[in-house]
Amino acid sequence: MTFKALLVEKDEDGKTRAGVQDIAEDRLPEGDVTVAVEYSTLNYKDGLCIGPGGGLVREYPHVPGIDFAGTVEDSADDRYKPGDKVVLTGWRVGEIHWGGYAQKARVKADWLVPLPEGLTTRRAMAVGTAGFTAMLAIMALEDHGLAPGQGPVLVTGAAGGVGSVATATLAALGYEVAAVTGRPEQADYLTDLGATQIVPRDELTEVTRKPLERETWAGAIDAVAGAMLGRVLKQMMYGKSVAAIGLAGGPAIEGALITPFILRGVNLLGIDSVMRPYDDRLRAWTRIGSDLPMDKLEAMVQPATLSDLPALGKDILKGQVKGRVVVDVNA
Ligand code: NDP
């Protein structure tokens, strides 16, 4: 028995090559649940893993895909039985364990959650790791006191995957959303998702020497880091929080001083979606099922097949992908 997968191989010169291949089922990695994958998605990390790996992949040949949704085919764990619909994000699947860019995946039962009420497998992947992370960020901000009516919430990297879901969900929850984008042509897209203010990226990428700037944002979700996060921290209202989820603009926090923390009591909350315990994942997915504006979700989706992924992987690393790429692994 074989299944189709996007396999990344490394040649003797250390160069990687990704292509769709038929793979024998007995090559699947160890795990207690085998899933017939229906949909996966493209995330920034997938771009790295489809290409040279960015230090994430340990062994080749490798099947990337850091998330998937599908139907249990076979299970050695009491929590799942054949026919159950399941979702996977994180646990380094698609990095050090074969992932979702395949018609079959075998994983640990602990890494799965049951498909939440209100979602299909396709919708779950329209959300995917990016949307799951956006929800974790919103939940962290709310745990630190954010509520609608306090002022605008800033979302950086807004036309990207995390940014799109964060913008739409915050707006649906009644927040005023200011969306930062480097792509002015995506302003209408972001306004349709619910942003009430579009902030050009350039306004926040110049490193300044000012210790603080005007108190502007009641909360922020930052996918970019670099100079942008340094500026955002200095513009937060007193006592408010920034949820840092990514580093699309670089791994440093440039130009940041200690002043936002000690003179304004600003909180910097680190959000990690990978090693989240089961209860956390279930809580976030249940809120996604209930709070995410499903009518907005389709506008974010770009459909793709396994063979589209090598080119799309390059695009996402250049910050050129809009919204969420949903991969139908059987197309
Ligand atoms: P995308 O590529 O879809 O979105 C990133 C967006 O950031 C781009 O669309 C672009 O938005 C903006 N951007 C890109 N490059 C730059 C730059 N040099 N300077 C300023 N802005 C830039 O990626 P995702 O949304 O999937 O992920 C975003 C980040 O979050 C990545 O670093 C990813 O690794 C990380 N991540 C972290 C997770 C966690 O668990 N903490 C989970 C998921 C993702 P625009 O064109 O609108 O400006």
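Thresholds, definitions, all that
- Residues numbered from 1 in each chain as written.
- Predicted model: local features only at pLDDT ≥ 70, side-chain atom pairs only at ≥ 80, totals over all residues.
- Heavy atoms only, no water.
- Helix = DSSP H or I, 4+ residues; strand = E, 2+ residues; numbered from the N terminus.
- Rg over C-alpha atoms; globule rule 2.2 N^0.38 Å.
- Buried < 20%, exposed > 50% of the residue type's maximum accessible area, 1.4 Å probe, protein only.
- Areas by Shrake-Rupley, 256 points an atom, 1.4 Å probe, with all protein chains shown as cover.
- Arc of directions from axis to C-beta.
- Salt bridge = Lys/Arg side-chain N within 4 Å of Asp/Glu carboxyl O.
- Core = buried A, V, L, I, M, F, W, Y, C linked by side-chain atoms within 4.5 Å.
- Domains from an automatic or database assignment.
- Contact = heavy atoms within 4.5 Å.
- Expected span 1.5 Å × (residues − 1).
- Phe/Tyr/Trp six-rings, centres within 6.5 Å; stacked < 30°, edge-to-face > 60°.
- Lys NZ or Arg CZ within 6 Å of the ring centre and 35° of its normal.
- Near = heavy atom within 4 Å.
- Polar contact = N/O pair within 3.5 Å; in protein donor to acceptor, adjacent residues only side chain to side chain.
- Nonpolar A, V, L, I, M, F, W, Y, C, P; charged D, E, K, R; others polar.

Within the protein, the regular secondary structure consists of nine helices and 15 strands. Over its C-alpha trace the protein gives a radius of gyration of 20 Å, about what one expects of a compact globule, namely 20 Å for 331 residues. Structurally, the protein occupies a C-alpha span of about 65 × 45 × 35 Å along its principal axes. Of all 331 residues assigned to the protein, the portion counted as buried reaches 55%. Taken as a whole, the protein presents about 13900 Å² of accessible surface, with 50% of it coming from carbon and sulfur.

For helix 9 (residues 309–317), the full list of buried residues reads Leu309, Leu312, Gly313 and Ile316. One side of helix 9 holds all its buried residues, which, seen down the axis, span an arc of 110°.

Right, let's talk about the pattern of salt bridges for a bit. Scanning all chains against the criterion turns up 16 salt bridges. Between Asp280 and Arg276 there is a salt bridge, and its shortest N-O distance comes to 3.0 Å. With a closest N to O distance of 2.8 Å, Asp291 and Arg287 form a salt bridge. Taken together, the residues Asp291 and Arg287, both in helix 7 (residues 278–291) and four residues apart, mark about one turn of the helix. When its relative accessible area of 21% is taken as the criterion, Asp291 is described as partly exposed. What emerges from the salt-bridge pattern is a single network uniting Glu25, Glu73 and Lys104.

A separate point is the nonpolar core. Counting 53 residues, the largest nonpolar core has Leu170, Ile221, Trp285 and Ile288 as its most contacted members. Domain assignment of the residues forming this core places at least three in each of domain 1 (2–115 + 298–328) and domain 2 (129–270). In this view, Trp285 contacts Val87, Thr89, Val113, Pro116, Leu119, Ala124, Val127, Gly128 and Phe132; residues no more than four positions away in its chain are not counted. Counting residues in each nonpolar core, the second largest holds 35 residues, with Val33, Tyr80, Val93 and Trp98 among its members.

This part is about helix 3 (residues 161–172). An ideal rise of 1.5 Å per residue puts 16 Å on twelve residues; helix 3 measures up with 17 Å between its terminal C-alpha atoms. Within helix 3, ten of the twelve residues are buried, leaving the element largely enclosed by the surrounding structure. Turning to helix 3, its buried residues are Gly161, Val162, Gly163, Ser164, Val165, Ala166, Thr167, Ala168, Thr169 and Leu170. Remark: Gly174 follows helix 3 within two positions and exhibits a positive phi of approximately 100°.

Now for the environment of Pro293. Note that Pro293 resides in the loop between helix 7 and helix 8 (294–300). A sequence separation of 274 residues divides Pro293 from Gly19, and the C-alpha atoms of the two residues are 35 Å apart. When neighbours within four sequence positions are excluded, Pro293 is seen to be in contact with Ala168, Thr169 and Ala172.

To continue, consider the packing of aromatic side chains. For the coordinates displayed, the defined rule picks out one aromatic pair. Here Phe132 and Trp285 contribute two aromatic rings whose centre-to-centre distance is 5.7 Å and whose plane-to-plane angle is 15°, an arrangement assigned as stacked. Remark: Trp285 occurs in helix 7 and Phe132 occurs in helix 2 (residues 121–143); sequence separation between them is 153 residues. According to the relative accessible area criterion, Trp285 is buried, its value standing at 1%. Positioned above the aromatic ring of Tyr189, the side-chain terminus of Lys322 is 4.6 Å from the ring centre.

Neighbouring the ligand are 26 residues; Thr181, Gly182, Arg183, Ile271 and Ser273 lie closest to it. In the environment of the ligand, an oxygen atom lies 2.8 Å from a nitrogen or oxygen atom belonging to the backbone of Gly182. Arg183 has a polar side-chain atom sitting 2.7 Å from an oxygen atom of the ligand. Coverage of the ligand by the protein chains reaches 87% of its 910 Å² of free accessible surface. Residue assignment for the shell around the ligand shows that the elements contributing at least two residues are helix 3 and strand 9 (177–181). A breakdown of the residues in the shell around the ligand according to their chemical character gives 13 nonpolar, ten polar and three charged.

No statement about biological role is implied by the geometric values presented.
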